[in-house]
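Here's the letter readout for the chains.
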Amino acid sequence: MSLKSRARGLAFLVFPALATVAFAQGVDIWTVGVNNTRQGWNRLETALTAANVPKLKKIREFAVDEKIDVSPLVVAGKLYVFSMTNTAFVFDVNTGAELARRQLAPPFDPADIANPPGLGMDLHNIYRRWGITATPVIDVATRTIYVTTFGKPAPGSANNERLNQLWILDADTLADRKPPVLIAGEADNGGGGISNGVTTPYQKMRAGLGLLTDGAGNKAVVISFSINGENPRGPGHGFVVAYDVRGLNRDAGFTPAPAIWNVTPGGGAGGIWMSGSGPAIDGEDIYLATGNGMDPGTMADNFGECFVKLRYTAGAAGVDNGKPTLAVADFWGAFSDFGRADEDQDLGAAGVVLLPETGNLIGGGKDGILYNLDKNNLGKDSWNPQFNLPFVATYLPNQPNGAAGLPTTTAANPNWPIVNRDRNLMTQTPTGKTHHIHGTPVFMQRATTGIVYLWGENERLKAYNFDLATKRITTFRGEGTQFASGNMPAPGGMPGGRLVGSSNGNTVGTAVIWGVYPTQGNANSNVVHGALVAYDAVAVNNGKLKQLFHSDANPANDLGTFAKYATPVVANGRVYVATFSNKVVQYGL
């Protein structure tokens, strides 16, 4: 695919219904991925531009008490940081002053040496304290934080006694707005319940929390679980849990009785982790991707390795304690774990991106293949030919999986990912390395087209053009200059880069794509150095995006160690990056 030697001047549009909430203090980033579309695009950034980003420098560091495994949040001039000791911190973004801190639950030691094989929470012994591992969500209107912890009941409790809890906190003081809730219960669709106490296998929280508002204005907090030591045949399952906020508030006729949906009621696994991204939400509809587990082709009503659309229905006062419901509205089963050369392919290794205006749902996983679906007709086990056929997106392979997908007229080919599911396993890639998608793709939009960005492991950031009229990813646009995990020998390192985009609406010259990545080493099994890099989001020269900033170019801008599940935040002229160096680093002009 030939490239124009120069591409400039994308005119970005702002869709008010999807824009991040803006107040006198500026833009609020209240959830992972900027908003419920999970597009990762702050389209109201008025200070940072392609022209001034090269002048970026480290402003300050916000120190905390342990590693940070989730994305920071910025609301009303305050920075919210959550650590692996189950501690919440609030800082002033302008002075760096710590305004509040609170440890919500005692952490436990997740090391495998303390547990039977397969039941340890940390396979690689990176952590010695385990706490908040799912990015919380903030209701800006009520200034309420919803945060989940996985910790011991008391400091002196046994290390294997662990509780999943939901906390409802005041965003200014971190005091309880309402009492915390034990996340527990049997799934409404059968197959078991959520593990607490000493029951194993443990659930594992990774996916960010969601805040849903239905057509009647009722709100719900959405929590997703993966499973530790997953087995497609069981025991253990992934779950989606939804609490009606009226129940959390103990309004008349309501109690904190959640809807609980089991991903694999007849089998096992099917965890929802999405490398820390949250479910995409559109009204009452919740979109997510599941990991390896029992699949619908093998056992009906099991949804491992699927894109799933859940329909949330709010409860009614006085009816079953106001309990809401969750039901499968649609799905697409990407593949079966059974019979593959590698059963650990995890479609849900990255989050999904929702384009409500065009009706697209975009996502991918460990096989490095990008899927572009019709959100209104996911298709179950068939393919809508109007949308892209699956294509290898993390690197540029040989045809027929070339620069950007296949036209609908292309005949099936044995090397096509939708036919040969194992084509992109590392034993068959050109370098013998893994090319998983872990960081959720980012979508940025202009008048008639858009751009999809993703950064797979052991590769450079990739950008693809998107046609709004045809709803298709059309051509490869360009790539970054930096390799995630550097020049490691095969099979390389994980997890690639984590991205966020920013622009000032449709103003030319303001679009920037930001990435945090491990410069060298395998961040999945080791604590390694990380760096922040920024590119002009639209300018391409000889197939390369124009690099604007790199934190390693000046020792004064050193980031520290890479936090593998934390996405950077761009808000109000500042960039915030969480680290495993027990700090959030703030960059600005």
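Note that this is a predicted model, so its numbers are computed, not measured. Here, residues in each chain are numbered from 1, in the same order as that chain's written sequence. Only residues with pLDDT of at least 70 are given local features in this predicted model, and only at 80 or more are side-chain atom pairs given and counted; all residues enter the totals for whole chains, interfaces and linings. Side-chain descriptors were evaluated using all non-hydrogen atoms of the structure, hydrogens and water having been removed beforehand.

S.K.: Explain the overall build of the protein here, please?
M.R.: The helix count covers DSSP runs of H or I at least four residues long, the strand count covers runs of E at least two residues long, and both are numbered beginning at the N terminus. The helix and strand tally for the protein stands at one helix and 38 strands. Any residue under 20% of the maximum accessible area for its type is buried, any over 50% is exposed, and the rest in between are partly exposed; the area is computed with a 1.4 Å probe on protein chains only. The buried share of the protein, taken over its 589 residues, is 64%. Reported accessibility uses the Shrake-Rupley method at a 1.4 Å probe radius. Residues are deemed covered only where the shown protein chains occlude them. Working note: accessible area of the protein is about 18700 Å², and carbon and sulfur atoms make up 51% of it.

S.K.: I would appreciate a short explanation of the sheet that holds strand β6 (residues 73-75) in the present structure.
M.R.: Strands in a sheet are paired, the pairing made by backbone hydrogen bonds, and the direction either parallel or antiparallel. The pairing criterion is simple: DSSP has to find at least two bridges between the two strands. In space, the four strands of this open sheet follow the order β6-β7-β8-β9, with antiparallel pairing throughout. Each edge of the open sheet is held by one strand with a lone partner, namely β6 and β9 (98-103). Put simply, the sheet's adjacent strands are angled 15° from each other on average, direction ignored. Across three bridges, the pairing between β6 and strand β7 (residues 78-82) is antiparallel. Within the sheet, the bridge partner assigned to Leu 73 lies in β7 and is Tyr 80. The axes are straight lines fitted to the C-alpha atoms, using for helices just the contacting stretch, and the angles between their N-to-C directions are given from 0 to 180°.

S.K.: What is the right way to look at the sheet that holds strand β23 (residues 353-355) in this model?
M.R.: Spatial ordering of the open sheet is given by β23-β24-β25-β26, a layout of four strands whose pairing is antiparallel. With partners counted over all chains shown, the strands left at the sheet margins are β23 and β26 (391-392), one partner each.

S.K.: Any chance you could explain the confidence of the model for the protein here in plain terms?
M.R.: Low-pLDDT stretches of the model should not have their predicted coordinates read in fine detail. Across the chain, each position has a pLDDT score giving the predictor's confidence in that residue, from 0 to 100. Across the protein, the average pLDDT comes to 90, with 90% of residues at 70 or higher. A contact between two residues is defined here by any heavy atoms of the two lying within 4.5 Å. Scored below 50 in pLDDT, residues 1-24 makes 70 contacts in the model with residues more than four places away or belonging to other chains.

S.K.: How should the nonpolar core be read in this particular structure?
M.R.: Across soluble globular proteins, nonpolar side chains have a tendency to be buried as a group. Among buried residues, the Ala, Val, Leu, Ile, Met, Phe, Trp, Tyr and Cys ones that are joined through side-chain atoms within 4.5 Å form a nonpolar core. In terms of nonpolar packing, the biggest core is built from 94 residues, with Tyr 146, Ile 223 and Trp 514 touching the most fellow members. Contact partners of Ile 223, with chain neighbours within four places excluded, come to Thr 148, Leu 166, Ile 183, Met 205, Leu 209, Phe 239, Val 240, Val 241 and Tyr 243.

S.K.: How do you make sense of the layout of surface pockets when you look at a structure like this?
M.R.: One water molecule sets the probe size; rolling that probe over the atoms shows where empty space is left. A cavity, in this analysis, means grid points on a 1 Å lattice covering only the protein atoms where a 1.4 Å probe fits yet has no way out; a pocket is instead an open set bounded by protein on both sides within 12 Å along at least five of seven lines, and a residue lines either one if it has an atom within 4 Å of a point. Grid points are joined across faces, edges and corners, and a volume is the space filled by probe spheres set on the points. Quantified by volume, the largest pocket comes out at close to 1100 Å³. Among the residues making up the lining of the largest pocket, the classes are represented as 13 nonpolar, 20 polar and 11 charged. Under the scheme applied, nonpolar residues are Ala, Val, Leu, Ile, Met, Phe, Trp, Tyr, Cys and Pro; charged residues are Asp, Glu, Lys and Arg; polar residues are all the others, including Gly.

S.K.: Is there a simple way to think about empty space enclosed by the protein in this case?
M.R.: The final tally for this structure, using the stated rule, is three cavities of 30 Å³ or more. Considering only enclosed or pocket space, the largest cavity measures out at about 210 Å³ in volume. In terms of lining residues, the largest cavity is bounded by 23 residues, among which Val 32, Gly 33, Gly 40, Leu 499 and Thr 567 are the most central. Broken down by element, the residue count for the lining of the largest cavity peaks at three residues, all from strand β31 (residues 498-502).

S.K.: How should the packing of aromatic side chains be read in this particular structure?
M.R.: In this description, an aromatic ring pair is defined by two values, namely the gap between the centres and the angle between the planes. Stacked, tilted and edge-to-face pairs are distinguished by plane angle, under 30 degrees for stacked and over 60 for edge-to-face with tilted covering the rest, among Phe, Tyr and Trp rings (Trp via its six-membered ring) whose centres lie within 6.5 Å. In the structure shown here, the tally under the stated rule is 16 aromatic pairs. Aromatic pair Trp 273 and Tyr 565: ring centres 6.4 Å apart, planes at 75°, arrangement edge-to-face. Residue Trp 273 is located in the loop between β18 (259-262) and β19 (280-282), and its partner Tyr 565 is located in the loop between β35 (560-561) and β36 (569-571); the two are separated by 292 residues in the primary sequence. Aromatic pair Trp 332 and Tyr 371: ring centres 5.5 Å apart, planes at 55°, arrangement tilted. One end of the pair, Trp 332, is in strand β22 (residues 325-333); the other, Tyr 371, is in strand β25 (residues 369-374), and 39 residues separate them in sequence. For the residue pair Trp 332 and Tyr 371, the accessibility class agrees, reading buried in each case. Linked through ring pairs, Phe 62, Phe 89 and Phe 91 together constitute an aromatic cluster. Working rule: Lys NZ or Arg CZ, within 6 Å of ring centre, within 35 degrees of ring normal, means a charge sits over the ring. Above the plane of the ring of Trp 41 lies Arg 43, whose end atom (NZ or CZ) is 4.0 Å from the centre. A cation sits over an aromatic face here: Arg 340 above Phe 335, 4.5 Å from the ring centre.

S.K.: How do you make sense of unusual backbone geometry when you look at a structure like this?
M.R.: Glycine aside, residues mostly have negative phi, and peptide bonds are mostly found in the trans state. Put simply, Gly 234 and Pro 235 share a cis peptide bond, and its omega is 0°. Structurally, Pro 235 is set in the loop between β16 (219-227) and β17 (239-244). The peptide bond linking Ala 490 to Pro 491 adopts the cis configuration, its omega dihedral lying at 10°. Structurally, Pro 491 can be placed in the loop between β30 (472-479) and β31. Here Ala 76, not a glycine, exhibits a phi torsion of approximately 55°, which is positive. Examined against the element boundaries, Ala 76 turns out to sit in the loop between β6 and β7.

S.K.: Hey, could you run me through the pattern of salt bridges in this one?
M.R.: Pairing is possible between side chains that carry opposite charge, provided their charged atoms lie close to one another. Between Lys or Arg on one side and Asp or Glu on the other, a salt bridge is scored when a side-chain nitrogen of the former is within 4 Å of a carboxyl oxygen of the latter. Under the definition given, this model contains 24 salt bridges. Note that Lys 366 is salt-bridged to Asp 346, the shortest N-O span being 3.1 Å. Of this pair, Lys 366 sits in the loop between β24 (360-364) and β25 while Asp 346 sits in the loop between β22 and β23, and the two are 20 residues apart along the sequence. For Lys 366, a relative accessible area of 12% gives the class buried. Judged by relative accessible area, Asp 346 falls into the buried class, the value being 5%. In this structure, a network of salt bridges that share partners links the residues Glu 459, Arg 460, Lys 462, Glu 479 and Lys 544.

S.K.: Would you take a moment to explain the pairing of strand β8 (residues 87-92) for this structure?
M.R.: A regular strand places its side chains on the two faces of the sheet in alternate fashion. Within β8, five of the six residues are buried, which leaves it mostly tucked inside the rest of the structure. Bridge count between β7 and β8: five bridges; the pairing is antiparallel. Residue Val 81 lies in a different strand from β8, and its bridge partner there is Phe 89. Between the antiparallel neighbours β7 and β8 lie four residues, among them Asn 86 with a positive phi of about 65°. Note: β8 against β9, five bridges, orientation antiparallel. Counted as the bridge partner of Ala 88 is Arg 102 from β9. Between β8 and β9, which pair antiparallel one after the other, the connecting turn spans five residues, and Gly 96 there sits at a positive phi close to 80°.

S.K.: Got a minute to help me understand the environment of Ile 473 in this structure?
M.R.: Tracing the sequence through the fold places Ile 473 in strand β30. Residue classification places Ile 473 among the buried residues on the basis of a relative accessible area of 2%.

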